[in-house]
Amino acid sequence: MSLHLVEFVVAGNEASDLLPVRSAALLRAHGARQGFWVVLDEGPVEQSLALLLELADGEWVARHVVADAGGENGRTEDGEALAHHDGWVYVLGSHFGSKAGPLRPRRAFVARFREDDAAGGVLPVHVVRNRFRLHRLVNDALAAADLATLPPGDRVRDRFIVETVARGTARAKRWATRLAPDDLPINIEAAAFTPAGTVLLGLRFPVTCDGEPVLVEVAGLPEMFGPAPAWPRVLRTYVLTGVTPPGALTGFRAITPSDDGAYAAVIGSIDALGKGSVLLDDHPQGGYVTSRHVRFRLDDGVADPGAGAGHLLPGKVVADLAPFHHVEGVAEVAGRCYYVTDEDHRIALWVA
């Protein structure tokens, strides 16, 4: 596969996910024929939204989007996943922590904005911080599915679970009661809505004992933003099979719906190399993994009789993206594939 590189510098350098712009008004406002959203995952969500745009003359540019989250300004961090639904763009925090822990409640958020509203002026962003409610829901669902998830190791559990509970308890935070000693730290890296309005959450961690990536289907995400807010619920869990290299550990890095009803995804390492990850200290085979572009269909899933509500979902490898270890987003548009990578001091958009 031949790749063409387009480089950008915009308001930070750790781009996560890649979401095609659907708003014709937004494209017209920028004189663009196509574009993509990215989220710059280190800062608060209202400072971390950017557009990668192909202008009418074929030139690519990056535009930082000025946004306002009202009373939630400055209270989030580490946006990782983008998804469209009903005219809204949703942004999900990782719900994880730093490479050495602990979990950070600022990362346990979901935000959304009307895509058309980005066409002019300051973009209003609605943020809902769930204070580890989604962490609790996913952990309970994984336990109910009886999936053979990879044990995180004592050091990881101490840093991410035990220390988080201790900090929350010392500060009299009610969210501390939503974590349990046997919990797994979850790292949400990917999201895509289904035609039914549920959302697929791709986890970078945990993975199964066989190193295969885990997907969780959640209902009720839009209801978090309603006049009478309600918390979502998990419908089912999936294990993506047949796409992980032998002996490796792979988690989700991106998911996007395809026009044919399937889903494209990127799988890759469970954490970044060379950044002090205690997760990789325990599981080094999860770091030396190059990214892969894969596809799957939900209707191909079959119930796993040994895993309660778990489903096995066969996948197919579309492209091995070696030597890249850090592909953060994928989009399939008009027969072309687009990938965004996490680079030092730049955003790199690769076009195939």
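S.K.: Sorry, what's going on with the overall build of the protein chain here?
M.R.: Each helix and strand counted, the protein chain has 4 helices and 23 strands in total. For 352 residues, the compact-globule estimate of 2.2 N^0.38 gives 20 Å, and the protein chain sits close to it at 19 Å. Dimensions of the protein chain along its principal axes, counting C-alpha atoms only, are 55 × 45 × 40 Å. Every one of the 352 residues in the protein chain was classed for burial, and the buried ones make up 57%. Contacts spanning at least 24 positions in sequence make up 62% of the contacts within the protein chain whose residues lie at least 6 apart. Carbon and sulfur atoms make up 50% of the accessible area of the protein chain, which amounts to about 13900 Å² in all. Separation between the mean location of the 34 positive side-chain charges and that of the 44 negative ones in the protein chain comes to 5 Å.

S.K.: Help me understand the nonpolar core, please; the structure alone is not making it clear to me.
M.R.: One broad trend across soluble globular proteins is that nonpolar side chains are buried collectively. Counting 27 residues, the largest nonpolar core has Y90 and L201 as its most contacted members. Among the elements of the structure, strand 7 (79-85), strand 8 (88-93), helix 2 (133-145), strand 12 (187-193), strand 13 (199-205) and strand 14 (214-219) are those that each provide at least two residues to this core. Counting residues per element, this core draws most heavily on helix 2, at 4 residues. Apart from residues lying up to four places away in sequence, L201 is in contact with L92, L134, I188, A190, A191, V214, L215, V216 and V218. L49, A69, L82 and L123 belong to the second-largest nonpolar core, a separate cluster that totals 26 residues.

S.K.: Please clarify how the sheet that holds strand 23 (residues 346-351) should be interpreted in this entry.
M.R.: Pairing is antiparallel across the open sheet formed by 4 strands, whose spatial order is 1-23-22-21. With one partner strand each, in any of the chains shown, strand 1 (4-8) and strand 21 (327-333) form the two edges of the open sheet. Across the sheet, the mean angle separating the axes of adjacent strands is 20° when strand polarity is ignored.

S.K.: Teacher, can you tell me more about the sheet that holds strand 3 (residues 32-40) here?
M.R.: In sheet architecture, strand pairing relies on hydrogen bonds along the backbone and comes in two forms, parallel and antiparallel. Spatially, 2-3-4-5 is the arrangement adopted by the 4 strands of the open sheet, whose pairing is antiparallel. The open sheet has two edge strands with one neighbour each: strand 2 (15-20) and strand 5 (60-64). Ignoring strand direction, the axes of neighbouring strands in this sheet form an average angle of 25°. As paired strands, strand 4 (residues 49-55) and strand 5 are joined by 5 bridges and run antiparallel to one another. In the sheet register, L51 faces strand 5, and the bridge partner there is R63.

S.K.: Teacher, can you tell me more about the side chain of T76 here?
M.R.: Within the secondary structure, T76 sits in the loop between strand 6 (67-68) and strand 7. The exposure class assigned to T76 is buried, which follows from its relative accessible area of 3%. Polar side-chain contacts of T76 include one of 3.0 Å to the backbone nitrogen of V45. Those residues in contact with T76 that lie beyond four places of it in its chain are G43, P44, V45, E46, R106, F109, V127 and R129.

S.K.: I tried to follow helix 3 (residues 154-170) on my own but got confused; where do I start?
M.R.: Given 3.6 residues to a turn, an α-helix orients residues that are three or four positions apart in the same direction. The largest bend in helix 3 is about 30°, located at E163. Along helix 3, the residues classified as buried are V156, F160, I161, T164 and G168. The inward-facing, buried residues of helix 3 contact helix 2 and helix 4 (278-282). Directly after helix 3, the chain includes A172, whose backbone phi takes a positive value near 55°.

S.K.: Can you walk me through the pattern of salt bridges in this structure?
M.R.: Opposite charge on two side chains makes pairing possible when the charged atoms of those side chains draw close. Per the stated rule, a full pass over the model turns up 19 salt bridges. Among the ionic pairs, R253 bridges to E189, the shortest N-O distance being 3.7 Å. With a gap of 64 residues between them, R253 in strand 16 (residues 251-257) and E189 in strand 12 connect regions that are remote in the sequence. Classification of E189 as buried rests on a relative accessible area of 2%. Among the ionic pairs, D260 bridges to R295, the shortest N-O distance being 2.7 Å. One end of the pair, D260, is in the loop between strand 16 and strand 17 (263-268); the other, R295, is in strand 18 (residues 292-296), with 35 residues separating them in the sequence. With a relative accessible area of 45%, D260 lands in the partly exposed category. Salt bridges sharing common partners tie together E77, D78, R104 and R107.

S.K.: Would you take a moment to explain helix 2 for this structure?
M.R.: Taking 1.5 Å per residue as the helical rise, helix 2 with its 13 residues ought to reach 18 Å, and the 18 Å between its terminal C-alpha atoms agrees with that figure. Within the sequence span of helix 2, burial applies to L134, H135, V138, N139, A141, L142 and A145. The arc enclosing the buried residues of helix 2, seen along the axis, measures out at 160°, which places them on a common side. Exposed positions of helix 2 whose direction lies more than 90 degrees from the buried face are A143 and A144. At the C-terminal side of helix 2, D146 shows a positive phi close to 55°.

S.K.: Quick question: what am I supposed to make of the pairing of strand 23 here?
M.R.: The side chains of a regular strand alternate, residue by residue, between the two faces of the sheet. By the criterion of burial, strand 23 is predominantly enclosed, with 6 of the 6 residues buried. Here strand 23 shows a buried face lined by R346, A348 and W350 and a second buried face lined by I347, L349 and V351. Here strand 1 runs beside strand 23; their pairing, made up of 5 bridges, is antiparallel. Counted as the bridge partner of F8 is I347 from strand 23. Taking the residues that link successive antiparallel strands as the turn, the strand 22 (residues 336-343)-strand 23 hairpin has 2 residues, and the phi of H345 there is positive, at about 65°.

What counts and what doesn't
Sequence order as written defines the numbering, with residues in each chain counted from 1. Predicted model: local features are reported for residues with pLDDT of at least 70 only, side-chain atom pairs are reported and counted for 80 or more only, and whole-chain, interface and lining totals are derived from all residues. Each side-chain value is derived from all of the structure's non-hydrogen atoms; neither hydrogens nor water enter the calculation. We count a stretch as a helix when DSSP gives it H or I for four or more residues in a row; a strand needs E for two or more, and each element gets its number in order from the N terminus. Atoms counted for the radius of gyration: C-alpha only. Globule rule: 2.2 Å times the number of residues to the power 0.38. Throughout, exposure labels follow a simple rule: accessible area from a 1.4 Å probe, protein chains only, divided by the maximum for the residue type, with under 20% read as buried, over 50% as exposed, and the rest as partly exposed. Here a residue-residue contact requires only that any non-hydrogen atoms of the pair lie within 4.5 Å. Note that accessible areas follow from Shrake-Rupley with a 1.4 Å probe, and for residues the cover is restricted to the protein chains shown. Charged-residue counts in this description rest on Lys and Arg as positive and Asp and Glu as negative, His and the chain ends being excluded. Where a charge lies is defined by one atom per residue type: Lys uses NZ, Arg uses CZ, Asp uses CG and Glu uses CD. Definition used in this section: a nonpolar core is a set of buried Ala, Val, Leu, Ile, Met, Phe, Trp, Tyr and Cys residues joined via side-chain atoms within 4.5 Å. Two strands are counted as paired when DSSP detects at least two bridges linking them. To define axes, lines are fitted to C-alpha atoms, for helices over the stretch in contact only, and angles between the resulting N-to-C directions are given on a 0 to 180 degree scale. Counting of polar contacts relies on pairs of N or O atoms within 3.5 Å, with two restrictions inside protein: one atom must be capable of donating a hydrogen and the other of accepting it, and residues adjacent in sequence are counted only when both atoms are side-chain atoms. One axis is fitted to the seven residues ending at the residue and one to the seven starting there. The bend at that residue is the angle between these axes. A side-chain nitrogen of Lys or Arg and a carboxyl oxygen of Asp or Glu constitute a salt bridge if their distance falls within 4 Å. One fewer than the residue count of a helix, multiplied by 1.5 Å, yields its expected span. The directions considered for the arc run from the helix axis to the C-beta atoms.

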